[in-house]
Amino acid sequence: MKTLLLMRHAEAHLEQDSQTDFDRTLTPDGEKMATQTGVILRQLGIPIHRILASAAPRALHTAQLVATQASPAAPLIALPELYAVPADRLASAILRHSCPDEDSIMLVAHNPAISSLMYRWSGHDFSVPPATLLVLTANTDDWHQFTAAPLTASLLIRDAEPESLDNTTSSDT
């Protein structure tokens, strides 16, 4: 069984005068939401074996705050290639950076790509405000078969509140 956690980075400050979009940082509310998401994952016993995050500060900090609460030992890999890319590039990054012996991966990235993957793989159309996290599982032992297997969208954490989805969908990358 493989579990994939897809997360949109938490709330970030607007661009400042000399700052680029890439360099935006989390607001205090964003930090609180990311931390609370990690607490919820820990309380629900959802492990994270590897974390892939956009190298943009707001995504990387989101991943760090979640990991601190949920899975402090999980390796966190910052990937510049996850910034401002289409959904298919996010999907391929999961395959490139997964290890066969790891059963759960969290991916922290940006809209619109991350919400596109959430919609496609869950079979649901829902709002994806900052710090939204979707938990998907597939009955496979191979990350390369993850999206070919029926996916179960079991949990949505939005606004620091868990919502049960309990939905199995077919997936196509």
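Details of the structure are given in the entry above.
Structure report, in brief. Per chain, residue numbering runs from 1 following the sequence as it is written. At least 70 in pLDDT is required for a residue's local features to be given in this predicted model, at least 80 for side-chain atom pairs to be given and counted, and no such filter applies to totals for whole chains, interfaces and linings, which use all residues. Hydrogens and water are ignored here; the side-chain numbers use all heavy atoms of the structure.

1. Here's the deal with the packing of aromatic side chains
Now for step 1: Here a Phe, Tyr or Trp ring, Trp counted by its six-membered ring, pairs with any other such ring whose centre lies within 6.5 Å, and the pair is stacked when the planes are under 30 degrees apart, edge-to-face when over 60, and tilted otherwise. If you walk through the whole model with that rule in mind, you get four aromatic pairs.
Now for step 2: Centre to centre, the rings of Phe 22 and Tyr 83 are 5.0 Å apart; their planes meet at 85 degrees, and the pair counts as edge-to-face. Placement of Phe 22 in the loop between strand 1 (2-8) and helix 1 (28-44) and of Tyr 83 in the loop between strand 3 (76-79) and helix 3 (87-96) is noted, with a sequence separation of 61 residues between them.
Now for step 3: Under the scheme applied here, a residue whose accessible area is under 20% of the maximum for its type counts as buried, over 50% as exposed, and between as partly exposed, the area being computed with a 1.4 Å probe on protein chains only. A relative accessible area of 26% places Phe 22 in the partly exposed class.
Now for step 4: An angle of 80 degrees between the planes, with centres 5.7 Å apart, marks the rings of Tyr 119 and Phe 126 as edge-to-face.
Now for step 5: The partly exposed category is assigned to Tyr 119, whose relative accessible area is 30%.
Now for step 6: Members of the aromatic cluster, connected to one another through ring pairs, are Trp 121, Trp 143 and Phe 146. Comment: elements are numbered from the N terminus, with helices defined as DSSP H or I runs of at least four residues and strands as E runs of at least two.

2. Description of the environment of Ala 113
Now for step 1: Mapping Ala 113 onto the fold places it in helix 4 (residues 113-122).
Now for step 2: The spatial distance from the C-alpha of Ala 113 to the C-alpha of Pro 129 is 13 Å, given a sequence separation of 16 residues.
Now for step 3: In what follows, residue pairs with any heavy atoms lying within 4.5 Å of each other are defined as contacts. Residues contacting Ala 113, with those up to four places away along its chain left out, are Val 85, Pro 86, Ala 87 and Leu 90.

3. Comments concerning the side chain of Arg 158
Now for step 1: Secondary-structure assignment places Arg 158 in strand 6 (residues 151-158).
Now for step 2: For Arg 158, a relative accessible area of 15% corresponds to the buried category.
Now for step 3: Residues within four places of Arg 158 in sequence aside, it is in contact with Phe 126, Ser 127, Pro 129, Thr 132 and Glu 163.

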